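Remarks on the overall topology
Here is how the chains run, residue by residue.
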Amino acid sequence: MQTKLVILDRDGTINQDSDDYVKSAAEWIPLPGALEAIARLNHAGWRVVVASNQSGLGRGLFDVAALNDMHAKMHKLLAAAGGRIDAVFYCPHSPEETCNCRKPLPGLFEQIGERYGMDLKGVHTVGDSLRDLQAGAAVGCATHLVHTGKGEKLTGQPLPADFPQGTVAHDDLGAFADWLLAQSEPAAKTNKAGAHA
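As a starting point, this report considers the structure included with it. (Residues numbered from 1 in each chain as written. Predicted model: local features only at pLDDT ≥ 70, side-chain atom pairs only at ≥ 80, totals over all residues. Heavy atoms only, no water.)

Right, let's get into the overall build of the protein. When its secondary structure is counted, the protein shows 6 helices and 6 strands. Traced from its N-terminal end to its C-terminal end, the protein shows the element sequence β-α-β-α-α-β-α-β-α-β-β-α. In summary, the protein has a C-alpha radius of gyration of 16 Å against a globular reference of 16 Å for 197 residues, a match within 12%. Here the C-alpha coordinates of the protein stretch approximately 55 × 40 × 35 Å along the principal axes. Expressed as a percentage of its 197 residues, the buried residues of the protein come to 45%. Expressed as a percentage of contacts within the protein between residues at least 6 apart in sequence, the contacts between residues at least 24 apart total 63%. Averaging the coordinates of the 18 positive side-chain charges in the protein and doing the same for the 23 negative ones gives two points 5 Å apart. (Helix = DSSP H or I, 4+ residues; strand = E, 2+ residues; numbered from the N terminus. Rg over C-alpha atoms; globule rule 2.2 N^0.38 Å. Buried < 20%, exposed > 50% of the residue type's maximum accessible area, 1.4 Å probe, protein only. Contact = heavy atoms within 4.5 Å. Lys, Arg positive; Asp, Glu negative; His and termini not counted. Charge placed at Lys NZ, Arg CZ, Asp CG, Glu CD.)

The following block contains the structure:
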């Protein structure tokens, strides 16, 4: 049986984004409901991994120790919410370094596929920007935009034509989790009022 895997962007999807970069654990602040959404996915049998551009490393704005501190905080807060992230894949390069792992290129997603020994076709990926979704679409992922972070400016609008075909938009990570859990839930479990039996 194929692993139930969800691939999430980090900044603007799980935590608040910043034009000045998230540079320390103190600046890493989860978005409302995001950690609880990950926990709900976990409880329904989904493994969650992160694919994140971290060009602040390549730009010298913070070091790997600071990034590790941010992720330690993320894991600790998630554990308190009853959830977990299996792994964090990140691109440490600046745009000038012309790597293959900086989204919109698919290198991080290819690394994830290799780690889990699986084809990512149809795997759900969630992000707040076009480049997050382009990277996922390049390996066949099902793409989802959240209207948080950079995606906030597209709230209430049709998605631009350059977004991958079939992209589904959600208010936030909690709304995505609701959507995904509704897809995989047998209809018999829910009555007409939407209450669980």
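Moving on from the model shown.
Reading across the sheet, the 6 strands line up as E3-E2-E1-E4-E5-E6 and stay open at both edges, with parallel pairing between neighbours. Strands at the two margins of the open sheet, each flanked by one partner only, are strand E3 (87-91) and strand E6 (168-170). Strand-to-strand twist in this sheet, taken as the mean axis angle between neighbours without regard to direction, amounts to 25°. For strand E2 (residues 47-53) and E3, the ladder comprises 5 bridges, and the chain directions are parallel. Bridged to Val50 within E3 is Val88. (Pairing = 2+ DSSP bridges. Axes fitted to C-alpha atoms, helices over the stretch in contact; angles between N-to-C directions.)

Right, let's talk about unusual backbone geometry for a bit. Of the consecutive residues Lys103 and Pro104, the connecting peptide bond is found in the cis state with omega at 20°. Here Tyr21, not a glycine, exhibits a phi torsion of approximately 75°, which is positive. Overall, Tyr21 belongs to the partly exposed group, its relative accessible area being 27%. With a phi close to 40°, Thr98 is a non-glycine residue in the positive phi region. Structurally, Thr98 can be placed in the loop between E3 and helix H4 (107-116). Of the residues examined, Thr98 reaches a relative accessible area of 68% and is grouped as exposed.

Inspection of the secondary structure assignment puts Asp11 in the loop between strand E1 (5-8) and helix H1 (34-43). Side chain to side chain, Asp11 and Asn15 meet in a polar contact 2.9 Å long. There is a polar contact of 3.3 Å between the side chain of Asp11 and the side chain of Gln54. Excluding residues within four positions of it along the chain, Asp11 makes contact with Asp17, Val22, Gln54 and Asp128. (Polar contact = N/O pair within 3.5 Å; in protein donor to acceptor, adjacent residues only side chain to side chain.)

This part takes up the packing of aromatic side chains. Going through the model one piece at a time under the given rule, you end up with 1 aromatic pair. Relative to Trp179, the ring of Phe176 lies with its centre 6.4 Å away and its plane at 25°, an arrangement referred to as stacked. Of this pair, Phe176 and Trp179 both sit in helix H6 (residues 173-183), 3 residues apart, which is roughly one turn of that helix. Under the relative-accessibility criterion, Phe176 is labelled buried at 0%. Relative accessible area serves as the criterion here: at 26%, Trp179 is assigned to the partly exposed category. (Phe/Tyr/Trp six-rings, centres within 6.5 Å; stacked < 30°, edge-to-face > 60°.)

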